[in-house]
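# Summary of the model geometry
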Amino acid sequence: MDERGRRVSELLHEAGEVHHVVYRISDGADDDWASFYADWLIEHSELPETLGRAPTRSHLVHELVESDSAFAAAEPAARWEDFYAERIVDRFG
């Protein structure tokens, strides 16, 4: 994983922590989690600067959902943040 991938992975981890705090009452349960992550990543993180552009919200939501499905199906040894980050950099970087 290159430096951009590592940075995106860190941002995904941070988004996860923020999401957990926001949804603490429901113990993190949120059927629309990908929308929360996309909004936070585009509006409140350095993702646009890291990628060199801001992905559209709908495309990022789609990639997050697809990454989640692919991660669940592959059961990789990697952390979810690293798995998603590589896919995000490949698509938007």
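Moving on, we get to the nonpolar core. Counting residues in hydrophobic clusters, the biggest one holds 22 residues, and the most contacted among them are Val8, Leu12, Leu41, Leu60, Leu64 and Ile88. Secondary-structure elements contributing two or more residues to this core are α1 (3–22), α2 (33–43), α3 (47–51), α4 (57–74) and α5 (80–92). Among the elements that take part in this core, α2 stands out by supplying seven residues, more than any other. Once you skip the residues sitting within four places of it in the chain, leucine 41 turns out to touch Leu11, Leu12, Ala15, Leu47, Pro48 and Leu60.

Turning our attention to the confidence of the model for the chain. Looking at the chain as a whole, its pLDDT mean stands at 93, while 97% of the residues score no less than 70. Within the chain, the lowest mean pLDDT, 95, falls on α1, and the highest, 98, falls on α3.

A few words on the pattern of salt bridges. Counted by the stated rule, this structure contains eight salt bridges. One salt bridge in this structure joins arginine 7 and glutamate 10, with 3.0 Å as the shortest N-O distance. With arginine 7 and glutamate 10 both in helix α1 and three residues apart, this pair spans about one turn of that helix. For arginine 7, a relative accessible area of 24% corresponds to the partly exposed category. Judged by relative accessible area, which is 45%, glutamate 10 ranks as partly exposed.

What counts and how
Residues numbered from 1 in each chain as written. Predicted model: local features only at pLDDT ≥ 70, side-chain atom pairs only at ≥ 80, totals over all residues. Heavy atoms only, no water. Core = buried A, V, L, I, M, F, W, Y, C linked by side-chain atoms within 4.5 Å. Buried < 20%, exposed > 50% of the residue type's maximum accessible area, 1.4 Å probe, protein only. Helix = DSSP H or I, 4+ residues; strand = E, 2+ residues; numbered from the N terminus. Contact = heavy atoms within 4.5 Å. pLDDT = per-residue confidence, 0-100. Salt bridge = Lys/Arg side-chain N within 4 Å of Asp/Glu carboxyl O.

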